[in-house]
Amino acid sequence: APCVTRLPPRVAQRGNGDCGIAALAGIAGTGYEQAQAIFDRLGYGGPRPNRSGYGTNYKELRAALTIAGLDTRLGKWRDWDCLPALAILKVGGCGEHVSPRDWHWVIAARHPQLGLAVIDGNWPGECVQHPADGRASTLHMLYQPHGSYIEITQGSPFLEALADQ
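One structure accompanies this document, and this report is about it.

Rules behind the numbers
- Residues numbered from 1 in each chain as written.
- Predicted model: local features only at pLDDT ≥ 70, side-chain atom pairs only at ≥ 80, totals over all residues.
- Heavy atoms only, no water.
- Buried < 20%, exposed > 50% of the residue type's maximum accessible area, 1.4 Å probe, protein only.
- Helix = DSSP H or I, 4+ residues; strand = E, 2+ residues; numbered from the N terminus.
- Contact = heavy atoms within 4.5 Å.
- Core = buried A, V, L, I, M, F, W, Y, C linked by side-chain atoms within 4.5 Å.
- Pairing = 2+ DSSP bridges.
- Axes fitted to C-alpha atoms, helices over the stretch in contact; angles between N-to-C directions.
- 1 Å grid on protein atoms, 1.4 Å probe; cavity = no way out; pocket = protein on both sides within 12 Å on 5 of 7 lines; lining within 4 Å.
- Points joined across faces, edges and corners; volume = space filled by probe spheres on them.
- Nonpolar A, V, L, I, M, F, W, Y, C, P; charged D, E, K, R; others polar.
- Parallel < 35°, antiparallel > 145°, perpendicular 65-115°, else oblique.
- Left-handed = near helix turned anticlockwise from the far one by under 90°.
- Polar contact = N/O pair within 3.5 Å; in protein donor to acceptor, adjacent residues only side chain to side chain.

On to helix H1 (residues 19-28), then. Among the 10 residues that make up H1, 10 are buried, leaving the element largely enclosed by the rest of the structure. Listing the buried residues of H1 in full gives Cys19, Gly20, Ile21, Ala22, Ala23, Leu24, Ala25, Gly26, Ile27 and Ala28. Looking at the buried residues of H1, the elements they touch are helix H2 (32-41), helix H3 (58-67), strand S3 (86-92), strand S4 (103-111) and strand S7 (144-154). Directly beyond the C-terminal end of H1, a positive phi value near 75° is found at Gly29.

In structure tokens form, the structure reads like this:
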């Protein structure tokens, strides 16, 4: 399967509901401020019904990605093996007290040595399928994707050099 040879950076979230901004900044290789400006331009920053802060749905996040110059395609989540080289996933949290409404956007990238990597703007830790230090992977325990994913097909600097896994 195609892989990125360089992982996108982790861009930290700055507030509740701005995971889409962090994911856009990481995928596009820009700063938080540039991604936030796109969200503001689209009107995603103000109070909106059923949204917290900069919260977005698939359609809204894809519109922001398009303005940033990224081509996308929506794919249906089946399992970790179905993921393309670079995508944004909708993930839910773990635990018995987590609501189905508690979810957020993270970046998923396929890397030749690390396998699948999840870059989460809300968590500073590394989460990869094959950790370099030989530790057991926590990828499947920490993240439960559901619904669809947004494949990044063109425009990201991390798609410039693809390798096969």
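What follows continues from the structure just given.
Ranked by size, the top nonpolar core spans 31 residues in total, and within it Leu24 and Leu86 carry the most contacts. Breaking this core down by element, the ones donating at least two residues are H1, H2, H3, S3, S4 and S7. A total of seven residues in this core trace back to one element, the largest contributor, which is H1. Residues in contact with Leu24, not counting those within four places in the same chain, are Ala35, Ile38, Phe39, Ala64, Leu65, Ala68 and Leu70. Trp80, Cys82, Tyr143 and Tyr149 belong to the second largest nonpolar core, which has 15 residues in total.

Further remarks concern the sheet that holds S7. Sheet architecture is open: six strands sit in the order S2-S7-S3-S4-S5-S6, paired in antiparallel fashion. The open sheet terminates on both sides in strands that have one partner only, identified here as strand S2 (71-76) and strand S6 (127-128). Against the sheet, H1 contacts S3, S4 and S7, and its axis sits at roughly 20° relative to S4. The sheet strands contacting H3 are S2, S3, S4 and S7, and the helix crosses S7 at an angle near 20°.

What follows concerns empty space enclosed by the protein. Tallied over the full model, the rule gives one cavity of 30 Å³ or more. Considering only enclosed or pocket space, the largest cavity measures out at about 50 Å³ in volume. Lining the largest cavity are 13 residues, with Ala22, Ala23, Ile107, Ile119 and Gly121 positioned closest to its centre. Of all the secondary-structure elements, those providing two or more residues to the lining of the largest cavity are H1 and S4. Per-element accounting of the lining of the largest cavity gives the leading share, four residues, to H1. Along the lines of polarity and charge, the residues of the lining of the largest cavity split into nine nonpolar, two polar and two charged.

A few words now on the packing of H1 against H2. Where H1 meets H2, the closest approach of the two axes is 8 Å, and the angle between their N-to-C directions is 120°. By the angle between their axes, H1 is oblique relative to H2. Like other packed secondary-structure pairs, H1 and H2 cross with a definite hand, here right-handed. On the side of H1, the interface is formed by Gly20, Ile21, Leu24 and Ala25, while H2 contributes Tyr32, Ala35, Gln36, Ile38 and Phe39.

The set of residues buried in H3 consists of Tyr58, Glu60, Leu61, Ala64 and Leu65. Where H3 is buried, its residues contact H1, H2, S2, S3, S4 and S7. With a side-chain oxygen lying 3.1 Å from the backbone nitrogen of Lys59, the N-terminal cap of H3 falls on Asn57. At the C-terminal side of H3, Gly69 shows a positive phi close to 90°.

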